[in-house]
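This is what each chain is made of:
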Amino acid sequence: MRSILKAHWDSKLPIYEISHFKLQKDGIKSLLIDVDGTLLSRQSNKIPSNVKNWIEESKKLFSLYLISNNPSDERIKKIAKELDLRYKSKAYKPRKKVTLDVISEMNEDSKNIAIIGDRIFTDIIVGNRCNIHTILVKRLSRNGLPVKFNLTLFLEKLISIFLK
Ligand SMILES: [Mg+2]
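The structure contained in this document is the topic of the report that follows.

The rules we used
- Residues numbered from 1 in each chain as written.
- Predicted model: local features only at pLDDT ≥ 70, side-chain atom pairs only at ≥ 80, totals over all residues.
- Helix = DSSP H or I, 4+ residues; strand = E, 2+ residues; numbered from the N terminus.
- Rg over C-alpha atoms; globule rule 2.2 N^0.38 Å.
- Buried ≥ 20, exposed ≤ 12 C-beta atoms within 10 Å, placed from the backbone.
- Contact = placed C-beta atoms within 7 Å.
- Pairing = 2+ DSSP bridges.
- Axes fitted to C-alpha atoms, helices over the stretch in contact; angles between N-to-C directions.
- Expected span 1.5 Å × (residues − 1).
- Right-handed = clockwise from strand over helix to strand, strands pointing away.
- Core = buried A, V, L, I, M, F, W, Y, C linked by C-beta atoms within 7 Å.

1. Side note on the overall build of the protein chain
Of the regular secondary structure elements, the protein chain holds 6 helices and 6 strands. Each helix and strand of the protein chain, placed in order from N terminus to C terminus, yields the pattern β-α-β-α-β-α-β-α-β-α-β-α. A compact globule built from 164 residues should have a C-alpha radius of gyration of about 15 Å, and the protein chain, at 14 Å, falls within 12% of that. Its C-alpha atoms put the protein chain at 40 × 35 × 30 Å along the principal axes. Taken over 164 residues, the protein chain has a buried fraction of 39%. The contacts in the protein chain between residues at least 6 apart in sequence include a share of 64% that link residues at least 24 apart.

This is the structure:
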């Protein structure tokens with residue numbers, strides 16, 4: 001059995017370098033996208049321009065939905081509004097309820113839906129538990145570039161080895 005801790009694609013790339021062509025080739029039609037760390041740093045309110053461009057291109061090809069664990073609806077609402085996307089805050093990933101609600105709203109076969117996020121213990125686990133495609137991306141820092149060393153991910157991967 002595949003581990004629920006393992007992403008289908010551990011991209012080692014920031015989201016803005018994820019290939020739209022590859023997503024299409026993998027049959028992806030809808031994307032659930034994590035916010036903090038994935039689209040911008042948790043410590044920042046500014047969405048990097050290359051992330052904005054990537055989102056704009058994605059909109060032409062996929063159905064998008066932001067799904068965040070952030071308890072601040074105000075923050076996630078503002079980001080979603082700026083990108084003109086639907087969103088959920090307080091998603092409680094890796095709990096399934098909110099993610100399943102979004103999946104049913106997408107009205108798409110689960111094999112054609114992917115979740116993109118920067119954490120194993122929230123984004124990847126919930127995606128695997130909900131039977132959708134899972135893509136791990138590099139966390140973005142305040143300057144909009146990928147962080148050089150991601151302690152959270154390092155620890156999550158370490159723990160994953162022991163949970164195997
Ligand atoms: Mg995140």
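2. Side note on the environment of Glu 56
Position of Glu 56 relative to the elements: it lies in helix α2 (residues 49-61). Overall, the presence of 11 C-beta atoms within 10 Å leaves Glu 56 in the exposed class.

3. A closer look at unusual backbone geometry
Of note, the bond from Lys 93 into Pro 94 is cis; its omega dihedral lies within 30 degrees of zero at 15 degrees. By the element assignment, Pro 94 lies in the loop between β4 (86-88) and α4 (97-106). Positive phi, normally seen in glycine, also occurs at Tyr 92, with a value near 55 degrees. For Tyr 92, a count of 14 C-beta atoms within 10 Å corresponds to the partly exposed category. The phi dihedral of Asn 131 falls on the positive side, at around 65 degrees, and the residue is not glycine. With respect to the helices, strands and loops of the structure, Asn 131 is situated in the loop between α5 (120-129) and β6 (133-136). Judged by the 12 C-beta atoms lying within 10 Å of it, Asn 131 is exposed.

4. Some thoughts on the sheet that holds strand β5 (residues 113-117)
One open sheet holds the 6 strands; their spatial order is β1-β6-β5-β2-β3-β4, and the pairing between them is parallel. What marks the edges here is a single partner per strand, and that holds for β1 (9-10) and β4. Most of the contacts of α5 go to β5, to which it runs at about 175 degrees, and overall it touches β5 and β6.

5. A short note on helix α6 (residues 151-163)
Helical geometry note: an α-helix holds 3.6 residues per turn, so side chains three or four residues apart project in the same direction. For α6, built from 13 residues, the straight-helix expectation of 18 Å at 1.5 Å per residue is met to within 8% by its first-to-last C-alpha distance of 18 Å. The element α6 is largely exposed, with a buried count of 0 among its 13 residues.

6. A closer look at the pairing of strand β3 (residues 63-67)
The buried fraction of β3 is high, at 4 of 5 residues. Bridge count between strand β2 (residues 30-33) and β3: 4 bridges; the pairing is parallel. Each residue of the ladder has a partner; that of Ile 33, found in β3, is Leu 66. Since β2 and β3 lie parallel, the crossover through α2 that links them has a hand, and here it is right-handed. Judged from the 3 bridges that link them, β3 and β4 form a sheet pairing that is parallel. Counted as the bridge partner of Ile 67 is Lys 88 from β4. Remark: the β3/helix α3 (residues 73-83)/β4 crossover connection has right-handed handedness.

7. Notes on the nonpolar core
General note: in soluble globular proteins, nonpolar side chains tend to be found buried as a group. Ranked by size, the top nonpolar core spans 38 residues in total, and within it Leu 31, Leu 32, Ile 33, Leu 66, Ala 114 and Ile 116 carry the most contacts. Those residues in contact with Leu 31, other than ones at most four positions away along the chain, are Ser 58, Phe 62, Leu 64, Ala 114 and Ile 116.

8. Concerning the environment of Glu 82
Mapped onto the secondary structure, Glu 82 falls in helix α3. A residue is classified by how many C-beta atoms lie within 10 Å of it, and Glu 82, with 13 of them, is partly exposed. Spatially, the C-alpha atom of Glu 82 lies 27 Å from that of Lys 148, the residues being 66 residues apart in sequence.

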